Amino acid sequence: MTDFNWNDLRAFLAVARTGRLTAAAARLGADHTTVARRIAALEAALGARLFDRSPQGYALTAHGERLMPSAEQVESLTLRAAGQVGAADQTLTG
């Protein structure tokens, strides 16, 4: 796998959870074309199609289903790390 990017994984999770590029983009505070590019980049990096695209939205493929638990673990670890470091600078001093 080359050029793996956490932001691509964030886009994957947002699309997987909402089923739509526009809803995922709103959740991420990004443009839907950016989210589409991130999904394409992640699929290229992994060498696998992660979503079936249809007029009804995006649905996970078998590859996407397999990626979901790992992506959620990465998200959880990232949020925990950010919380630990962010909380360290908020101690009271006097």
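The preceding data block contains the structure.
The text that follows walks through the structure, step by step, so that each part is easy to find. (Residues numbered from 1 in each chain as written. Predicted model: local features only at pLDDT ≥ 70, side-chain atom pairs only at ≥ 80, totals over all residues. Heavy atoms only, no water.)

## Topic: the pairing of strand β1 (residues 51-54)
In terms of strand pairing, β1 meets strand β2 (residues 57-60) through four bridges, oriented antiparallel. Residue pairing across strands places Phe51 opposite Leu60, the latter belonging to β2. Two successive antiparallel strands, β1 and β2, enclose a turn made up of two residues. (Pairing = 2+ DSSP bridges. Helix = DSSP H or I, 4+ residues; strand = E, 2+ residues; numbered from the N terminus.)

## So, helix α2 (residues 21-28)
Residues three or four positions apart in an α-helix share a direction because the helix packs 3.6 residues into each turn. Among the residues making up α2, those that are buried are Leu21, Ala24 and Ala25. For α2, the arc enclosing every buried residue in end-on projection is 100°, short of the 170-degree limit, so these residues lie on one face. Facing away from the buried side of α2 by more than 90 degrees, the exposed set consists of Thr22, Ala26 and Arg27. Following α2 by one or two positions, Gly29 adopts a phi angle in the positive range, close to 70°. (Buried < 20%, exposed > 50% of the residue type's maximum accessible area, 1.4 Å probe, protein only. Arc of directions from axis to C-beta.)

## Topic: the packing of aromatic side chains
Under the definition given, this model contains two aromatic pairs. Seen from their ring centres, Phe12 and Phe51 are 5.5 Å apart, and the 50° between their planes marks the pair as tilted. Taken together, the residues span a long stretch of sequence, with Phe12 in helix α1 (residues 6-18) and Phe51 in strand β1 at a distance of 39 residues. Like Phe51, Phe12 is buried. Here the aromatic rings of Phe51 and Tyr58 are separated by 5.6 Å at their centres, their planes lie at 65°, and the arrangement is edge-to-face. One aromatic cluster is present, formed by Phe12, Phe51 and Tyr58 through successive ring pairs. (Phe/Tyr/Trp six-rings, centres within 6.5 Å; stacked < 30°, edge-to-face > 60°.)

## Section: the environment of Arg37
As for its position among the elements, Arg37 is in helix α3 (residues 32-46). The exposed category is assigned to Arg37, whose relative accessible area is 54%. Each C-alpha atom of the pair Arg37 and Ala11 lies 9.4 Å from the other, and the pair is 26 residues apart in sequence.

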